[in-house]
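As a plain string of letters, each chain reads:
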Amino acid sequence: MSEWFLFLPQVRLGVDGIVERARVAEASGFDGIAFIDHLEAPGATHQSLWEAMTVATWVAARTERLRIGHLVLCDAFRHPAVLAKQAVTLSEASGGRFELGLGSGSWPQEFERFGIESGDAAARVRRLGENLELLHQFWGEHERGQVPRPSHPIPLVLGGTGKRMMDLVRAHADWWNIPSHQLDRLPALLPTVGTARVSLQQMVGFVGRDADRTAVTERSARLFGHLGDGLVCGDAAELTAHFAGLSAQGVERFYVWFADFAAPQTISEFAETVINA
């Protein structure tokens, strides 16, 4: 059975609006929720954006069942010893509902703007590999081990498609997530993920029962057409068939990113007519 997460970038929303959507997703049958991790909203730097771990903690406190995570935390923003402590704390506080999504950083402009030393893309991935090793040390019986140690498993989600990143997926990941704009690479990469389970981030223009198909499609394409195959528009039957096809290829989890910024009615109707189908 597929797993369904609401992908909810914490942009253009107040904190109360984020909690409302999380609660609707939980009540509707979603398995989890995932946020982004940036210091400015990529491509929309004038928009407000809430800090990733704080939002995740607040939502965990206001929900009961949803798993909580990110696509993905930026490795360069937190010292690995601090990140290890944060992850264990949030996992314990949420009763084991936290998953650690981690990546090397996808918006280099913010590194320079905010004075964060990061290096080029290769250096960032190399450091991510080093920090993944450190996380295992901090969580384990190593001389650097922190206390308390995790009392719940903390699944590791890695995102990306580069050769070095795929090496890290095979070595460390419980889940590998393919970004929405690289779906054309899915067939070639699926056999290379080792024991990691496969998740996929999908932008959806949902044509609900009372929606105007043309209006939904045009607005979704205007806002997110740059994602290419990462955007799919359709009604419940069409989307059910779409996700069933991806599931048949081996995708076990879907991070659903709604083109209407996850209106609560969209979340609940999608769950009723697609997830429950």
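Thresholds, definitions, all that
- Residues numbered from 1 in each chain as written.
- Predicted model: local features only at pLDDT ≥ 70, side-chain atom pairs only at ≥ 80, totals over all residues.
- Heavy atoms only, no water.
- Axes fitted to C-alpha atoms, helices over the stretch in contact; angles between N-to-C directions.
- Helix = DSSP H or I, 4+ residues; strand = E, 2+ residues; numbered from the N terminus.
- Parallel < 35°, antiparallel > 145°, perpendicular 65-115°, else oblique.
- Contact = heavy atoms within 4.5 Å.
- Nonpolar A, V, L, I, M, F, W, Y, C, P; charged D, E, K, R; others polar.
- Buried < 20%, exposed > 50% of the residue type's maximum accessible area, 1.4 Å probe, protein only.
- Pairing = 2+ DSSP bridges.
- Right-handed = clockwise from strand over helix to strand, strands pointing away.
- Expected span 1.5 Å × (residues − 1).
- Phe/Tyr/Trp six-rings, centres within 6.5 Å; stacked < 30°, edge-to-face > 60°.
- Lys NZ or Arg CZ within 6 Å of the ring centre and 35° of its normal.
- UniProt positions renumbered as here; feature names shortened; annotations may be inferred.

Just to check I follow, could you spell out the packing of helix α5 (residues 121–139) against helix α6 (residues 163–172) for this structure?
The geometry of a pair of packed helices is captured by two quantities: the angle between their axes and the separation between those axes. Packing of α5 against α6 brings their axes to within 10 Å, and their N-to-C directions diverge by 10 degrees. Our classification of the angle between α5 and α6 gives roughly parallel. Residues V125, L128, G129, L132, E133 and H136 of α5 touch α6, and the partners they reach there are R164, M165, L168 and H172. Classifying every residue of the contact of α5 with α6 by side-chain character gives five nonpolar, three polar and two charged.

Before we go on, may I ask you to explain the pairing of strand β7 (residues 175–178) in this structure?
Burial along β7 is two-sided: the residues W175 and N177 and W176 and I178 are all buried. Both strand β6 (residues 156–159) and β7 contribute to a ladder of three bridges, which runs parallel. Residue pairing in the sheet places L158 in a bridge with W176 of β7. Read as a crossover between parallel neighbours, the route from β6 over α6 to β7 is right-handed. Where β7 and strand β8 (residues 197–206) come together, four bridges link them in parallel fashion. The residue bridging N177 from the neighbouring strand is S199, located in β8.

Please clarify how helix α3 (residues 80–93) should be interpreted in this entry.
Think of an α-helix as turning once every 3.6 residues; residues three or four places apart then point the same way. End to end, α3 covers 20 Å across 14 residues, agreeing with the expected 20 Å (1.5 Å per residue, within 8%). Within the sequence span of α3, burial applies to P80, L83, A84, A87, V88, L90 and S91. Residues of α3 that are buried in the fold lie against α2 (52–61), β4 (73–74), β5 (100–103) and α5. Count one or two residues on from α3 and you reach G95, which has phi positive near 70 degrees.

Please clarify how the packing of aromatic side chains should be interpreted in this entry.
For any pair of aromatic rings, the description rests on two quantities: the centre-to-centre distance and the angle between the ring planes. Within this structure, the stated rule accounts for 13 aromatic pairs. Geometrically, the ring pair formed by F258 and F270 is edge-to-face, given 5.2 Å between the ring centres and 80 degrees between the ring planes. On the criterion of sequence distance, the pair formed by F258 in strand β10 (residues 253–258) and F270 in helix α10 (residues 264–275) is long-range, its members being twelve residues apart. Each member of the pair F258 and F270 is classed as buried. Counting every residue linked through ring pairs, the aromatic cluster contains W4, F30, F206, F243, F254, F258 and F270. Sitting over the ring of W175, R253 keeps its end group 4.0 Å from the ring centre.

Before we go on, may I ask you to explain the UniProt feature "domain: Luciferase-like" (unreviewed entry) in the chain in this structure?
UniProt's entry tags residues 16–181 with the feature "domain: Luciferase-like" (unreviewed entry), counted in the numbering of this structure. This span, residues 16–181, is 43% helix and 13% strand, and a straight line between its end C-alpha atoms measures 30 Å.

Mind showing me how you'd approach the pairing of β5 here?
One face of the sheet, then the other: side chains in a regular strand alternate in exactly this way. Of the two faces of β5, the one holding L100 and L102 and the one holding G101 and G103 are both buried throughout. Sheet analysis places β4 next to β5, joined by two bridges and oriented parallel. Across the sheet, residue L73 finds its bridge partner in β5, namely L102. Regarding the hand of the β-α-β motif, the stretch spanning β4, α3 and β5 is right-handed.

Explain the environment of L6 to me, please; I cannot follow it from the model alone.
Checked against the element boundaries, L6 lands in strand β1 (residues 3–7). When the C-alpha atoms of L6 and L186 are compared, they prove to be 21 Å apart, with 180 residues separating the residues in sequence. L6 has contacts with R21, A25, F30, G32, I33, A34, V256, F258, A262 and I267, leaving out every residue within four places of it along the chain.

Honestly, the environment of R185 in this entry has me stumped. Any pointers?
Summarising the element assignment, R185 is placed in the loop between β7 and α7 (186–189). When sequence neighbours within four positions are dropped, the list of residues in contact with R185 reads T161 and I178.

Would you mind showing me how to read unusual backbone geometry here?
With the exception of glycine, most residues fall at negative phi, and the peptide bonds are largely trans. That bond from L71 to V72 is cis: its omega, -25 degrees, falls within 30 degrees of zero. In this structure, V72 sits in the loop between β3 (67–70) and β4. V147 connects to P148 through a cis peptide bond whose omega is 0 degrees. In the Ramachandran plot, R12 falls in the positive-phi region, its phi being about 65 degrees despite a non-glycine side chain. Accessibility expressed as a relative area gives 46% for R12, which makes it partly exposed.

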